[in-house]
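Inside the fold
Each chain is listed here by its residues.
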Amino acid sequence: MPVPAVVRARCRALLPPGEDMRYVLPALSVGSPGMATFLIVVTDRSISVLSTKFFDQDAPTSVYATHARRTRLGPVEFSAGAAIELGDMVFEIDEEYAAVVCAADAEVFAPETLPPDPLPDL
């Protein structure tokens, strides 16, 4: 299920001005800092991990961490569900977002493998 436009707008409000948001995926941290919900936002310049209200994952509250855009999100591990490692954190993601992780990585590390955007005006 895609992240709703209202949630994307809330994320955009926490990002530096002028950054072009490309991908947003909900994630649950496993390990340090403990179980917590986050939104991972990939822009044209960075990857931001946004803290959310625990019982309202659609309400980002602050930027928890920022990574360089050339940071890999994948590979997605499928041992006990889908998981990615970003920095020193491990996140569980819904399997449907594995394609988002692959696309975000391909955009930087293998752009020739991406198909043309079928809806470039959205």
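Structure report, in brief. Here the residue index of a chain counts from 1 through its sequence in written order. Only residues with pLDDT of at least 70 are given local features in this predicted model, and only at 80 or more are side-chain atom pairs given and counted; all residues enter the totals for whole chains, interfaces and linings. Each side-chain value is worked out from all heavy atoms of the structure, with water and hydrogens disregarded.

**A closer look at helix H2 (residues 98-109)**
Here is the rule: The numbering of helices and of strands both runs from the N terminus, where a helix is a DSSP run of H or I of at least 4 residues and a strand a run of E of at least 2. To estimate how far a helix should extend, the number of its residues minus one is multiplied by 1.5 Å. Remark: exposure states derive from per-residue accessible area (1.4 Å probe, protein chains only) relative to the maximum for the residue type, with buried under 20%, exposed over 50%, and partly exposed in between. What makes two residues a contact is simply this: any of their non-hydrogen atoms within 4.5 Å.
Across its twelve residues, H2 extends 16 Å between first and last C-alpha, which sits within 8% of the 16 Å expected from 1.5 Å per residue. Where H2 is concerned, the buried positions are Ala98, Val100, Val101, Ala104, Asp105, Ala106 and Val108. In this fold, the buried residues of H2 make contact with strand S1 (21-30), strand S2 (36-43), strand S5 (82-86) and strand S6 (89-93).

**As for the environment of Phe38**
Structurally, the position occupied by Phe38 is in strand S2. Between the alpha carbons of Phe38 and Ala27 there is a distance of 5.2 Å; along the sequence they are eleven residues apart.

**Side note on the packing of aromatic side chains**
Going by this rule: Planes of paired rings set the category: under 30 degrees apart is stacked, over 60 is edge-to-face and the rest tilted, where pairs are Phe, Tyr or Trp rings (Trp by its six-membered ring) whose centres lie within 6.5 Å. Consider the ring centre and the ring normal. A charge sits over the ring if Lys NZ or Arg CZ is within 6 Å of that centre and within 35 degrees of that normal.
Throughout the structure, instances matching the rule amount to two aromatic pairs. Ring geometry for Phe38 against Phe91: centres 5.7 Å apart, planes inclined by 85 degrees, an arrangement best described as edge-to-face. Of the two residues, Phe38 sits in strand S2 while Phe91 sits in strand S6, which places them 53 residues apart along the sequence. An aromatic cluster of three or more residues is present, and its members are Phe38, Tyr64 and Phe91. The cationic tip of Arg72 hangs over the ring face of Phe109; the distance from NZ or CZ to the ring centre is 3.8 Å.

**What about the environment of Gly74?**
Along the polypeptide, Gly74 turns up in the loop between strand S4 (56-68) and S5. With relative accessibility at 18%, the residue Gly74 sits in the buried group. Residues Gly74 and Phe91, 17 residues apart in the sequence, show an inter-C-alpha distance of 11 Å.

Keep in mind these values describe shape, not function.
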